[in-house]
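Tertiary structure, described
Spelled out, the chains give:
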Amino acid sequence: MSEWLMRIGFAGLLALYAALVIQGLRAQRLGSFRLHIDPFIVLLQYRPVLDRMQPLLQRQRLCLALLHGGICHRETLIGWAAETLGISYILLLLSGLLAMMAGNPALLAMGFFISSCLPVLRTKELSSKVNKRRQTIVMELPELLSRLLLMVNAGDNVMRALSRCVEQKQGDGNPLYVELNAAIEGLKRGEHLSTALEEMGRRCAVPEVKLFATTLLINARRGGEAFVPALRELTRQMWDKRKAIARTLGEQASSRLAFPLAIVFLLIMVLVGAPTMLMM
C-alpha cells in the first residue's frame, strides 16, 4: 500500500513539474530556459502563492537589499525564491525516483526532509554573505581613512583625495569603493553632498560608514580645522574595530579546526589501540 502511495505521490509531483515547465516555456521569450528556476518563477508570479510566500521572505528580502545597494526589487526576490524552491523540488523528484527504483519509501521521506532543510541553508548562506560584506567594508575602512588623512595633511582637497583613493582601487571589487565611487559620480552629476553621503551610508548599511559620512559633512560645514582631528580619531577607532574583527575571525578559524583535530586524534587512538586489543 505504501509503495502505491509513493508512486501516486511521485506521479503527482512529476505532473505538476511538467505543467510548470510547459507554462514557463510559453512565458519564455528571450534567453535560455533554466529548468530549476523558470518554471517556479511562473508559480511564484501567481498572486495567491506570492501573497502567502511574502511574509516568509522578509528576512531574505532584507539580506538581498543589503547585497544589492539597499534595494531589493520584486524580480530579485522572486528569482531567489524560485531558485530555492526549484532546487528543493528537483531534489525531491530525484529522491522519489530513487525510492521507486529501490522500492524503499524511506528514501522519499529522507529526500523530503533534505528538501525542507534547503531553504533554511540558503537563507543562512545569504546572512553569511551579508556578514562577510560588512566585515569586508569595516576591514578596508581604516586603510581608506589612513590614506585620506595622509593626503589631506599633504594639502590635498578632501573630495580630490577621495577620488584618488577610489582610482587607486579601481577594479578591486570591494563594496566600500564601489559605493564611494557611486557617491562621487552622484556629486559629479550635481547631487548635493549630504544627499550623496546619506545614500552611500544607506547602501552600505554599516554604522561605521555612516560615521565616516558624518565626518565628511563636518568638513563641508565647519572647515578643515575640525575635520583633521575628527578624521584622526575616526581612523584610530576603525583600526581598533579591524583588530577586533581579525581577532574574532582567528577564533572562528581555531574553533573550526577543533572538530577535525578531534577526529584525527580518535583515528590515532584506534590505530594505536587496535593491535593491543587484538593481542589480548
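So, a few notes on the structure that sits alongside this text. (Residues numbered from 1 in each chain as written. Predicted model: local features only at pLDDT ≥ 70, side-chain atom pairs only at ≥ 80, totals over all residues. Heavy atoms only, no water.)

Quick word on the layout of surface pockets
Quantified by volume, the largest pocket comes out at close to 350 Å³. Around the largest pocket sit 17 residues that line it, and Thr84, Leu85, Ser88, Ser115 and Pro119 are the ones nearest its centre. Ranked by residue count, the leading element in the lining of the largest pocket is helix α5 (residues 74-102), at seven residues. For the lining of the largest pocket, a count of residues per class yields 11 nonpolar, six polar and no charged. (1 Å grid on protein atoms, 1.4 Å probe; cavity = no way out; pocket = protein on both sides within 12 Å on 5 of 7 lines; lining within 4 Å. Points joined across faces, edges and corners; volume = space filled by probe spheres on them. Helix = DSSP H or I, 4+ residues; strand = E, 2+ residues; numbered from the N terminus. Nonpolar A, V, L, I, M, F, W, Y, C, P; charged D, E, K, R; others polar.)

Quick look at the packing of aromatic side chains
Inspection of the entire model under this criterion finds three aromatic pairs. On the basis of an interplanar angle of 25° and a centroid distance of 6.2 Å, the ring pair of Tyr17 and Tyr89 is categorised as stacked. Placement of the pair is Tyr17 in helix α1 (residues 2-27) and Tyr89 in helix α5, with a sequence separation of 72 residues. Both residues of the pair, Tyr17 and Tyr89, count as buried. (Phe/Tyr/Trp six-rings, centres within 6.5 Å; stacked < 30°, edge-to-face > 60°. Buried < 20%, exposed > 50% of the residue type's maximum accessible area, 1.4 Å probe, protein only.)

Topic: the nonpolar core
Membership of the largest hydrophobic core comes to 35 residues, with the highest contact counts inside it found for Leu144, Leu148, Met200, Phe212 and Leu216. Secondary-structure elements contributing two or more residues to this core are α6 (105-153), α7 (158-168), α8 (175-188), α9 (193-204), α10 (207-222) and α11 (224-279). Here the element with the most residues in this core is α6; it accounts for nine residues. Judged by nonpolar contacts, the second largest core, of 23 residues, contains Ile37, Phe40, Leu44 and Tyr89. (Core = buried A, V, L, I, M, F, W, Y, C linked by side-chain atoms within 4.5 Å.)

Re unusual backbone geometry
Phi is positive for Ala205, close to 55°, though the residue is something other than glycine. Mapping Ala205 onto the fold places it in the loop between α9 and α10. On the basis of relative accessible area, Ala205 is assigned to the partly exposed category, the value being 33%.

Details of the side chain of Thr215
Locating Thr215 in the fold gives a position in helix α10. For Thr215, a relative accessible area of 6% gives the class buried. Polar side-chain contacts of Thr215 include one of 2.9 Å to the backbone oxygen of Leu211. Thr215 has contacts with Phe227, Ala230, Leu231 and Leu234, leaving out every residue within four places of it along the chain. (Polar contact = N/O pair within 3.5 Å; in protein donor to acceptor, adjacent residues only side chain to side chain. Contact = heavy atoms within 4.5 Å.)

Description of the packing of helix α4 (residues 58-67) against α6
Running from N to C, α4 and α6 point in directions that differ by 35°, and their axes come no closer than 10 Å. Our pair here, α4 against α6, has a crossing hand that is left-handed. Contacts between α4 and α6 involve Arg59, Gln60, Cys63, Leu64, Leu66 and Leu67 on the former and, on the latter, Thr123, Leu126, Ser127, Lys129, Val130 and Arg133. Taken together, the residues of the contact of α4 with α6 sort by class into six nonpolar, three polar and three charged. (Axes fitted to C-alpha atoms, helices over the stretch in contact; angles between N-to-C directions. Left-handed = near helix turned anticlockwise from the far one by under 90°.)

As for the packing of α6 against α8
Between α6 and α8, whose axes approach to 8 Å, the crossing angle comes to 65°. Taken together, the axes of α6 and α8 are roughly perpendicular relative to one another. Contact residues: α6 offers Arg133, Thr136, Ile137, Glu140, Leu141, Leu144 and Arg147, while α8 offers Pro175, Leu176, Tyr177, Glu179 and Leu180. In terms of residue class, the contact of α6 with α8 is built from seven nonpolar, one polar and four charged. (Parallel < 35°, antiparallel > 145°, perpendicular 65-115°, else oblique.)

Let's talk about α9
Helical geometry: 3.6 residues make up each α-helical turn, so side chains three or four residues apart lie on a common side. With 12 residues, α9 should reach 16 Å at 1.5 Å per residue; the first-to-last C-alpha distance of 17 Å fits that figure. Within α9, burial applies to Ser194, Ala196, Leu197, Met200, Gly201, Arg203 and Cys204. At the C-terminal side of α9, Ala205 shows a positive phi close to 55°. (Expected span 1.5 Å × (residues − 1).)

Considering the pattern of salt bridges
The final tally for this structure, using the stated rule, is 13 salt bridges. Its salt-bridge partner being Lys241, residue Glu208 comes within 3.5 Å of it at the nearest N-O pair. Of this pair, Glu208 sits in helix α10 while Lys241 sits in helix α11, placing them 33 residues apart in sequence. Salt bridges linked by common partners bring Arg133, Glu179 and Arg203 together as one network. (Salt bridge = Lys/Arg side-chain N within 4 Å of Asp/Glu carboxyl O.)

Structural notes on α4
Restricting attention to buried positions, one finds in α4 the residues Gln60, Cys63, Leu64 and Ala65. Along its buried surface, α4 packs onto α5 and α6. The first or second residue beyond α4 is Gly69, which carries a positive phi of 75°.

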